[in-house]
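So the chains spell out like this:
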Amino acid sequence: MNLFLAACILGIAETTSLKKLHHVPEFQESQYTTLFVLDIKTKESLFDKSANYKRDNSKMIESFDRVAYYMELGKKSKEESEFVWVSFNPPTMNAEFLGVPTHDSGAVFQTQVENMTVFSNKAGLLNGVGLDGLLEFWPSSYTPKTTETSSAANDFEYDSSDTYIDKDGYGSMQVHFANSGDTIFAYNRWGLPRSQAKHPVDLGIGNSILAGASDWTGAKNANEYKHKKLYVFVRNAQYYPKSSKVSKSSKNDESRTPEEIATTSTVDVTSKSTKKSKKTSKSGKKSGRLR
């Protein structure tokens, strides 16, 4: 596909994106393509549906070599917003799995990522390159019990190393520093059924000051922000030929194995039909209901 035509179709040169990201060096210096754009709602229920993206180009992109997330939160105006850009080696080569990890998407990531870059105006948040990070992306509930992914976590706080439970809904989309366990950004509480989604979602850049939850779990604070947006980008994207674009019907194609869509064996990418077979501990089921 002609690169100029692809740029026009995908909105790479979208004026609003360029204006928002002129201050991010990596975005300006590299060939990043818009993958998803999400206007985050104050209250959300994605228990049985996908995120309602303002832009979704995931079905057009065949390959890429890096993924980046850009969150922007503003309480008064866009000019006064806090922001964070975080990029790293992709945990999967399936672009559709890099957005909000809803049940419908079939994606679950609890893994370390490498070669991470962080750039932010949030006071106290470490900026740097060549870092190691941790992902906690899943659609369901979780407990603070520590897994082996982070030595900086503990069993009594929701942080960088919680235990995923394939039960009910809550939703976690979090990126952390691997060494310190500090949160880079978090978007939680979007996965509850509609009848239970009565409170705002959890949102934050950097660590939360909420006792027992540095990852913003239970913050219910999205109503504090007038402006809240999440962008996902990929670098050096290659596009499907026009005749072989991925169709909507193939989004949850159960013929695709984790080995075919993941780049490392540490990534847990699970289809809707196989997620239900995951085993959880008895104690985990009792403590895993987040509301």
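Rules and cut-offs
- In this convention, every chain numbers its residues from 1, walking through the sequence in written order.
- pLDDT decides what is reported in this predicted model: residues at 70 or higher carry local features, side-chain atom pairs at 80 or more are listed and counted, and totals for whole chains, interfaces and linings draw on all residues regardless.
- Hydrogen atoms and water are omitted, and side-chain values are computed over all heavy atoms in the structure.
- To qualify as a helix, a DSSP run of H or I must reach at least 4 residues; to qualify as a strand, a run of E must reach at least 2; elements of each kind are numbered from the N terminus.
- Accessibility here uses a 1.4 Å probe with only protein chains present; expressed as a share of the type maximum, an area under 20% marks a residue as buried, one over 50% as exposed, and anything in between as partly exposed.
- Residues counted as positive are Lys and Arg, residues counted as negative are Asp and Glu, and His and the chain ends are not counted.
- Put simply, a salt bridge is a Lys or Arg side-chain nitrogen that is within 4 Å of an Asp or Glu carboxyl oxygen.
- As used in this structure description, the phrase polar contact means that two N or O atoms lie within 3.5 Å; if the pair is within protein, one of them must be able to donate a hydrogen and the other to accept it, and residues adjacent in sequence are counted only when both atoms belong to side chains.
- For this analysis, residues touch if any pair of their heavy atoms sits within 4.5 Å.
- Aromatic contacts are taken between Phe, Tyr and Trp rings whose centres are within 6.5 Å, Trp giving its six-membered ring; a plane angle under 30 degrees counts as stacked, one over 60 as edge-to-face, and the others as tilted.
- For two strands to count as paired, DSSP must find a minimum of two bridges between them.

Visitor: A description of the side chain of D159 should follow, citing residues and the corresponding values.
Guide: Considering the arrangement of structural elements, one finds D159 in the loop between β8 (141–143) and β9 (163–165). K145 is the oppositely charged side chain nearest to the buried, salt-bridge-free D159, at an N-O distance of 12 Å. Within the structure, the side chain of D159 is placed 3.1 Å from the backbone nitrogen of N154, a separation counted as a polar contact. Apart from the residues lying within four places of it in its own chain, the contact partners of D159 are E136, A153, N154, Q174, H176, S214 and D215.

Visitor: I'd love a proper account of the packing of aromatic side chains, names of residues and values included.
Guide: By the definition in use, this model includes 18 aromatic pairs. Measuring from ring centre to ring centre gives 6.2 Å for F109 and F137, while their planes differ by 45°; the resulting arrangement is tilted. Of this pair, F109 sits in strand β6 (residues 109–120) while F137 sits in strand β7 (residues 128–138), and the two are 28 residues apart along the sequence. With respect to burial, F109 and F137 carry one shared label: buried. The rings of F27, Y32, Y70, F83, W85, F119, Y231 and F233 are connected pair by pair, giving a single aromatic cluster.

Visitor: Talk me through the pairing of strand β10 (residues 172–177); I want residue IDs and the actual numbers.
Guide: Extensive coverage of β10 is indicated by the burial of 6 of its 6 residues. Judged by which residues are buried, β10 turns out to be covered on both faces: S172, Q174 and H176 on one side and M173, V175 and F177 on the other are all buried. In this sheet, β10 lies alongside β7 in antiparallel orientation, the contact comprising 6 bridges. In the strand pairing of β10, E136 is matched with Q174.

Visitor: With reference to specific residues and values, describe the pattern of salt bridges.
Guide: Pairs can form between side chains of opposite charge once their charged atoms are near each other. If you walk through the whole model with that rule in mind, you get 5 salt bridges. Between D65 and R235 there is a salt bridge, and its shortest N-O distance comes to 2.9 Å. Taken together, the residues span a long stretch of sequence, with D65 in the loop between β3 (61–63) and β4 (66–74) and R235 in strand β13 (residues 227–235) at a distance of 170 residues. For E224, the salt bridge goes to K75, with nearest N and O atoms at 3.9 Å. Of this pair, E224 sits in the loop between β12 (202–205) and β13 while K75 sits in the loop between β4 and β5 (82–88), and the two are 149 residues apart along the sequence. Residue E224 is classed as partly exposed on the basis of its relative accessible area of 42%.

Visitor: A description of the sheet that holds β6 should follow, citing residues and the corresponding values.
Guide: Spatially, the 10 strands line up as an open sheet ordered β2-β1-β13-β4-β5-β6-β7-β10-β11-β12, and their pairing is antiparallel. With partners counted over all chains shown, the strands left at the sheet margins are β2 (55–56) and β12, one partner each. Note: β4 against β13, 9 bridges, orientation antiparallel. Within β13, the residue paired with A68 across the bridge is F233.

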